[in-house]
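So the chains spell out like this:
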Amino acid sequence: MKNILLGSFFLFCLGMAACFDDSSQSGTGDVSDIEIEGLRDTSIISYSGNRLEISPMIKTGYPEDELNFAWYMYSSKEAGEFAAGFEEGYRGRKIAEGKNLSYEVNLPSDMYTFIFEVVSNGNEYTKTATMKVAVTTAYSKGFYILKEDENGDTELDLFNQNGLRENLMKELLGASLSGKPRNLCVTQNHPYIDEETQKMGVANMVHVFTDKNEFRAFRTEDMVEVFNRSNLLFEGMGADEAPCSMLRSTFGIYYVSNKGVYVTGAGDSGNGSGRFGIPNGNGGSQFIQSAGDPTAGLAFWNEGSHHLDFFDGSTVSPMNYEDKMPDGMVEGNLECLSCGINFVGSEKMVYFLCEDQVSSMRYLYLIAGVGQDEVTELRKLDAALHIAQGEQVAGNALTASVIYTIHNNRLWAYNWDSGEEFEVALPGIGSGESLSFVSNQFLNIWFASNKRSENFNHLIVGTRNGKEYKLYFYDSLVGATPVREAKDVICGVGQVRCVRYATSLLFDANDLMSFDAPSFPYYN
C-alpha cells in the first residue's frame, strides 16, 4: 500500500499554506532520489493565444523510461474544496501527461497552482514540484487612466504588462463619453445579474463618470458594460442626477451622487444585484474618504451645501466644525479641490482641501483618527505656500505625512504637522518637461497573506507636451521622495485626469478588514 507523504499539501488543506514543497515525495522500497528544477512563478495573459511552456529538469538515478510524468492545476477559488476534504486532492485536477507542458491559457483571472508530478513505475516513488501562475485577461489587471481627449470628452487608457492600450471608450462603445472627466473608480467583488443567464455574479469593475453626468461601469475581466444610468437604480435615475463616485467599503458598495449616498451589499457571498435603492442625505461629490476601518463610515464633501458631511453606514449628518472656522471664511464660496488619507507612524489623518472661488484663499480640513465625525482642525493656508496655489494636488497615504502639489512646474510636499514645504526631486524627468499630474496609488492588503504579493505603492507623476502625456511610475519612496528613476514610463495622447489600479483578484471583507492603514485610495 502506498503511503502519501505530501506534508506541505496537508498544511494547505488545513488552510496554513497554498503550495507544495519541492521535496514532496512518497513511495515504498529502495528508492533513488528525484530532483525537479526549472519551475518558476510567473504571470500570463489569458484568452490571447498565449501558451505556458515549461520544460522541467529532472536529476535522478531512475531511467527516464521508467518514470511517469503528469501535470495538475487548481485555482485559488478551488482551495475551499481541498480544505473541505476533496477526496482526490490535486489528482482530480489533471491537465496533461508527459514531462514537458505546453498549455494554452484560456482561464478566468485568478492565481493558479501548477503541480508537476514524477512517479517511478517500479516502486511508486513520487516527487512533486509546484509553481504559481497569476492569470489575467487583457483588461483585468493594470492601471486605468482617465483622460480628456482633444475634443474635451472622456476617454480611458489601460497600462499593464501588455503595454499601453489607448481609447477604450471608442474601442468598446464606438465613441468617447460626452463631457469632461469627473471621476474614475474601481470596485472589488461588485455583485450584478448577468443579463444573458439571469444569474447572480460578482466581478471587479471600473466606473467612469463625466461632468455631463454620463456613467458607465464595466467588468474588468472582459470590459462588458454592466451598469449605466438606465439600470443602476431600482427606481430609475432622474435626469437631474449627477453620478459622482463608486467605492468598495469592507462590507458594502457605496454609490454617491448629488442626491446623496446609496448603499448595497458587496458580492462576497455571491448574492445581490449590485443595484441601489433610496439615497441617504441630500448631496455628495467625488471627494470621499474613509480610513478603511469597517466601522469608520465616510467623510465627504457635499457640493450642494458646501459643507463636509459624515455617513455612519445608515444616516448622513453635517459635520459640526463652525467653532473651528477661521475668521473671514465663507464656506458657501468653497469648492473642494482634493482629499486624501494618510497613515504614517500609527497616526491616521484625513484631509480635504478647498478653495474660496471669490477670494482664491484655500482652507485645509484635517480629521484625525478613524471613524471620526469631527474636524480636528480647519486651517487657513498662507497664500504664499505652494499648496495654496498649486494646480494639481494629491496626498501621500503610506510613507510621509504630506500633501503633494504641482506649482511653477515643480513638485512640492506640504507637511501639515510642521506647516512647512519642501521640493520633491523627480529622477529621470527632464527640466524641459511640463509637470501636469500627480497621484499616489497603492494596494495595501495585509490581512490576507496569500494576496499580499499584489501590494504596491507608487507615486505617479505626469508630464505634458502638446497633445501627448507621459506618466512616470515611481515604486521606491523614502518618505515623500523617490530614490531612483521611475520603474515604468509610458506615453499616450490626451490630458490625464485620474489613474486607478485594478487587480485581477477578488477581495472580500476578510481581505479588506484593515483596522490600521487603508487598503486602497478612495480618491487621490
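Refer to the structure printed above.
Remember, predicted model here, so these are calculated numbers, not experimental data.

Procedures and definitions
Residues numbered from 1 in each chain as written. Predicted model: local features only at pLDDT ≥ 70, side-chain atom pairs only at ≥ 80, totals over all residues. Heavy atoms only, no water. Helix = DSSP H or I, 4+ residues; strand = E, 2+ residues; numbered from the N terminus. Buried < 20%, exposed > 50% of the residue type's maximum accessible area, 1.4 Å probe, protein only. Contact = heavy atoms within 4.5 Å. Polar contact = N/O pair within 3.5 Å; in protein donor to acceptor, adjacent residues only side chain to side chain. Core = buried A, V, L, I, M, F, W, Y, C linked by side-chain atoms within 4.5 Å.

A.B. asks: Could you clarify how one ought to interpret unusual backbone geometry in this entry?
C.D. replies: Backbone phi values are negative for most residues with the exception of glycine, while trans is the configuration of most peptide bonds. Within the chain, tyrosine 47 stands out as a residue other than glycine whose phi angle is a positive 55°. Within the secondary structure, tyrosine 47 is located in the loop between strand 3 (42–45) and strand 4 (51–54). Accessibility expressed as a relative area gives 47% for tyrosine 47, which makes it partly exposed. Positive phi values are uncommon outside glycine, yet serine 360 reaches one of about 70°. By secondary structure assignment, the location of serine 360 is in the loop between strand 26 (347–356) and strand 27 (362–368).

A.B. asks: Help me understand the environment of glycine 179, please; the structure alone is not making it clear to me.
C.D. replies: Within the secondary structure, glycine 179 sits in the loop between helix 3 (168–173) and strand 14 (181–193). Classification of glycine 179 as buried rests on a relative accessible area of 3%. Sequence spacing of glycine 179 and glutamate 214 is 35 residues, and the spatial spacing of their C-alpha atoms is 7.6 Å. If we ignore the near neighbours within four places in the chain, the residues touching glycine 179 are Gly152, Asp153, Thr154, Thr210, Asp211 and Lys212.

A.B. asks: Just checking my understanding: could you explain the side chain of asparagine 123 for this structure?
C.D. replies: Take asparagine 123: it is sitting in the loop between strand 9 (110–120) and strand 10 (126–136). Of note is the side chain of asparagine 123, whose polar atom sits 3.0 Å from the side chain of tyrosine 62. At 3.1 Å, the side chain of asparagine 123 forms a polar contact with the side chain of serine 120.

A.B. asks: Can you walk me through the side chain of asparagine 457 in this structure?
C.D. replies: Tracing the backbone shows asparagine 457 in strand 34 (residues 456–465). What makes asparagine 457 buried here is its relative accessible area of 16%. At 2.9 Å, the side chain of asparagine 457 forms a polar contact with the side chain of asparagine 440.

A.B. asks: Would you take a moment to explain the nonpolar core for this structure?
C.D. replies: Soluble globular proteins: nonpolar side chains tend toward being buried together. Membership of the largest hydrophobic core comes to 28 residues, with the highest contact counts inside it found for Phe143, Ile145, Leu471 and Val499. The contacts of leucine 471, once residues within four sequence positions are left out, are Ile145, Phe437, Ile460, Val461, Gly462, Asp488, Val489, Ile490, Val496 and Val499. Counting 25 residues, the second largest nonpolar core, distinct from the first, contains Leu39, Tyr112, Phe114 and Val135.

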